[in-house]
Amino acid sequence: MDVLSRYEPLIDDFGAFRAACERPLPSVVRVNGIKATPERARTALEEEGIDYEPCEWHPRLLRLDTDHPGRTWGAFHGWFHGQEEVSALPARVCDPEPGERVWAACAAPGGKATQLAARADDAGLVVANDRNLGRLSALRFNAERLGVTSMAVTNRDARNYSLAPFDFDAFDRSLCDVPCSCEGTIRKNPDALDQWSVGYLDEIASTQEAILRRAIQATRSGGAVVYSTCTFAPEENEAVLDGVLDSENCRLVDFNCALDSRPGITEWEGERFDPSVERAKRIYPHLNDTGGFFCAKLEVGG
Amino acid sequence: MSEPSDGLAENDGTQFARLPATAAEREIAGRATREAVLEFWDERYGIDSTVFADYTFWEKGSRKLWAFRGEIDSPIAIESLGITFLRTRQEHWKPTTDAVQRFGRHASRNVLTLSREAARRFVAGEDQEIEWDGDWGYLIVAHDLAGAREPLGVGLYLHGELRSQIPKGRRREL
């Protein structure tokens, strides 16, 4: 089955979308502000003779002219973390301040959770959780290499997450970068669609909704919850948002996104969604020459 | 490995416990104190205790210490808290690679700065003959990168040889 063709009705220039999905992605690294300034990180690359190009929308992202970004002095020192360009978006949208408590519900292998810590100057608290113990060791390795000292790591199911180990009862912000069908990673993993099935879609959508629901409940009134996926499937995106808007005390809010994007869709295969899902953003690979992504921001309470 | 015989059997490997401030407040025999940890970094490497003012120190099992930026109720049963920081099981305390990379910039003593080629061998995990007039034992090993000294990790200096302590998973061929 040609999975991507199901999205043809959603995408203006489907030919450009398809062509972009077939091109490999450039190597992108995020400069880790906990250990280096962007200036020093760039100087280190220049000393090594590695060409780079900054991403316009995000001064800490550099496109490197190498296939081995991990084999650089900057990577060894934890100044860089290899991270797909578009995946740097949700931590920016979540935007924690120093002193705030943030929950990364599905945090492994840690690119976004460590970015949250860096955005808060490593002076907040990031509770990074993942259900999978194997992936959790990758998260811990990355957090330590990047020098993140403000992180607490837990190994639980996010759907019924308990704050019992902690001496507080709500987070200021949460990031739900949930497991998904991953179609948006096709440029990175050419076999990303091999396991795709409608059955998985239905199953993962109910997991996604339960995780988002728990994040809303675990975040204080006035706090923010960011929901993101790397799939184009409305079942895993707008339909999940629609499900929690009905039953949880929250609303979708507008947010700035320096990347070119399309609004969330309000109708799919005969199902209508709450009109506010248009505030979410769909990012297709051909718009900014990145992977595919979906991102929404919710405000809790009120 | 068996537990040491100095009462550490009480040390619970399933949860993080905050280090006592001083020996007088110590409830578990042999547990390192905050005072001793700050003294170690200051005496051995010249890292002033103000660098750690916002940090709490924790132990989870077998005398491995962790540094966490912030305060949280002790004990706490979670997977990790901050970064691994210092191993205190042996007579000579040993900083971790990650602690040295994070805090080693503040060091003014027992820092061995390598040439680029020697740094390359060090991060690949090789031992090498190096001349060094300072103390033996665990040194902060650094090189110059992008206009300043930058710590690479920990080396054990003995009898004219620098033994790389970079853990296998962090070694790189650069």
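Cut-offs and rules
Throughout, a residue's number is its position along its own chain's written sequence, starting from 1. Starting at A for chains and at 1 for ligands, labels are handed out in the order in which the entities are written. The model is predicted, so local features are restricted to residues of pLDDT at least 70 and side-chain atom pairs to those at 80 or more, both for listing and for counting; the totals for chains, interfaces and linings are taken over all residues. No hydrogens and no water enter the side-chain calculation; it runs on all heavy atoms of the structure. UniProt positions are given in the numbering used here, feature names are shortened, and annotations may be inferred rather than shown by experiment. Strands were regarded as paired on the criterion that DSSP finds at least two bridges between them. Helix and strand labels come from DSSP, where a helix needs a run of H or I of at least four residues and a strand needs a run of E of at least two; each type is numbered from the N terminus. Between the N-to-C directions of two axes lies an angle of 0 to 180 degrees, each axis being a line fitted to C-alpha atoms and, for a helix, fitted only over the stretch in contact. Any pair of residues with heavy atoms lying within 4.5 Å of one another is described as a contacting pair. Side-chain atoms within 4.5 Å are what join buried Ala, Val, Leu, Ile, Met, Phe, Trp, Tyr and Cys residues into a set we call a nonpolar core. Burial classes: relative accessible area under 20% of the type maximum marks a residue as buried, over 50% as exposed, and values in between as partly exposed (1.4 Å probe, protein chains only). Polar contact criterion, stated in full: a pair of N or O atoms within 3.5 Å, where within protein one must be able to donate a hydrogen and the other to accept it, and residues adjacent in sequence count only if both atoms are side-chain atoms. Basic side-chain nitrogens of Lys or Arg form a salt bridge, by our definition, when they fall within 4 Å of a carboxyl oxygen of Asp or Glu. Note on angle classes: values under 35 degrees are labelled roughly parallel, values over 145 roughly antiparallel, values of 65 to 115 roughly perpendicular, and the remainder oblique. By the definition used in this description, the sense in which the near helix is turned from the far one sets the handedness, with an anticlockwise turn below a right angle giving left-handed and a clockwise turn giving right-handed. As a working rule, the residues Ala, Val, Leu, Ile, Met, Phe, Trp, Tyr, Cys and Pro are called nonpolar, Asp, Glu, Lys and Arg charged, and the rest polar, with Gly in that last group.

In the annotation of an unreviewed UniProt entry, chain A is listed under the name RNA methylase and assigned to Halococcus saccharolyticus DSM 5350. In UniProt, chain A has this text filed under Sequence similarities (unreviewed entry): "Belongs to the class I-like SAM-binding methyltransferase superfamily. RsmB/NOP family."

**As for the sheet that holds strand β1 (residues 27–31) of chain A**
Residue and element names in this part refer to chain A. Taken together, 4 strands build an open sheet; the order of strands is β2-β3-β1-β4 and the sheet is antiparallel. Each having just a single partner strand, β2 (52–55) and β4 (80–82) make up the two edges of the open sheet. The sheet shows a mean angle of 35° between the axes of neighbouring strands, taken without regard to direction. Strands in contact with helix α2 (residues 38–48) are β1, β2, β3 (58–64) and β4; relative to β3, the strand with the most contacts, it is inclined by about 15°.

**Thoughts on the nonpolar core**
Core analysis: the biggest nonpolar cluster contains 62 residues, and Phe166(A), Cys176(A), Leu212(A), Tyr227(A), Leu241(A), Leu298(A) and Leu81(B) have the highest contact counts within it. Discounting residues that sit within four places of it in the chain, Leu81(B) has contacts with Met151(A), Ala152(A), Phe16(B), Trp58(B), Trp66(B), Ala67(B), Phe68(B), Ile72(B) and Ile76(B).

**Some points on the environment of Ser247(A)**
Residues and elements named next belong to chain A. When you line up the elements, Ser247 lands in helix α8 (residues 238–247). When the C-alpha positions of Ser247 and Arg213 are compared, they lie 8.8 Å apart, and in sequence the two are 34 residues distant. Within polar-contact distance, the side chain of Ser247 engages the side chain of Arg213 at 2.4 Å.

**Some remarks on the interface of chain B and chain A**
Facing the 40 residues of chain B at the interface are 39 residues of chain A. Our enumeration of links across chain B and chain A arrives at 2 salt bridges. Note that Glu150(B) is salt-bridged to Arg40(A), the shortest N-O span being 3.2 Å. Along the contact surface separating chain B from chain A lie 22 residue pairs in polar contact (both at pLDDT 80 or more). Listed by contribution, the elements that provide at least two residues to the side of chain B that touches chain A are β3 (64–69), β4 (80–81), β5 (83–87), α2 (97–103), α3 (116–123), β9 (137–145) and β10 (148–158) of chain B. In terms of residue count, β10(B) provides more of the side of chain B that touches chain A than any other element does, 5 residues in total.

**Describing unusual backbone geometry**
The linkage connecting Ala108(A) with the following residue, Pro109(A), adopts the cis geometry, with an omega of 0°. For Pro109(A), the location among the structural elements is in the loop between β5 (101–104) and α5 (111–119). Geometrically, the link from Ser74(B) to Pro75(B) is a cis peptide bond, its omega value of -5° lying close to zero. Structurally, Pro75(B) is set in the loop between β3 and β4. At Glu269(A), a position not held by glycine, the phi torsion is positive, near 45°. The class for Glu269(A) is exposed, based on a relative accessible area of 61%. Despite not being glycine, Asp289(A) has its phi angle at roughly 55°, a positive value. Within the secondary structure, Asp289(A) sits in the loop between α9 (285–288) and β15 (293–300).

**Some details on α8(A)**
Quick reminder: α-helices carry 3.6 residues per turn. Residues three or four places apart thus point the same way. Residue and element names in this part refer to chain A. With 8 of 10 residues buried, α8 is to be regarded as a mostly interior element. If you check which residues of α8 are buried, you get Glu238, Ala239, Val240, Leu241, Asp242, Gly243, Val244 and Leu245. Against the buried residues of α8 lie α7 (198–217), β9 (219–229), β10 (250–253), β13 (271–272), β14 (281–283) and β15.

**A closer look at the UniProt feature "binding site: S-adenosyl-L-methionine" (unreviewed entry) in chain A**
Residues and elements named next belong to chain A. Sequence positions flagged by UniProt for "binding site: S-adenosyl-L-methionine" (unreviewed entry) are, in local numbering, Cys106, Ala107, Ala108, Pro109, Gly110, Gly111, Lys112, Asp130, Asp157 and Asp177. Ignoring anything within four residues of it in the chain, the contact list for Ala108 reads Asn129, Asp130, Arg135, Leu136 and Leu139. Separated by 2.9 Å, the side chains of Asp157 and Arg159 make a polar contact.

**Focus on the UniProt feature "domain: rRNA small subunit methyltransferase F RNA-binding PUA-like" (unreviewed entry) in chain B**
In this numbering, the UniProt entry assigns the feature "domain: rRNA small subunit methyltransferase F RNA-binding PUA-like" (unreviewed entry) to residues 119–172 of chain B. As annotated, residues 119–172 of chain B comprises 9% helix and 48% strand, and the C-alpha atoms at either end are separated by 11 Å.

**Overview of the UniProt feature "active site" (unreviewed entry) in chain A**
Residue and element names in this part refer to chain A. Mapped onto this structure's residue numbering, the UniProt feature "active site" (unreviewed entry) falls at Cys230. The residue Cys230 is located in the loop between β9 and α8 in this model. We classify Cys230 as buried; its relative accessible area is 16%.

**Some thoughts on the packing of α7(A) against α8(A)**
Residue and element names in this part refer to chain A. Interhelical geometry of α7 versus α8 gives an angle of 45° and a closest axis separation of 9 Å. In terms of axis orientation, α7 runs oblique to α8. Considering only the axes of α7 and α8, their crossing is right-handed. Together, Ala205, Gln208, Glu209, Leu212, Arg213 and Ile216 of α7 and Val240, Leu241, Gly243, Val244 and Ser247 of α8 make up the contact between the two elements. Of the residues that constitute the contact of α7 with α8, the class distribution is 6 nonpolar, 3 polar and 2 charged.

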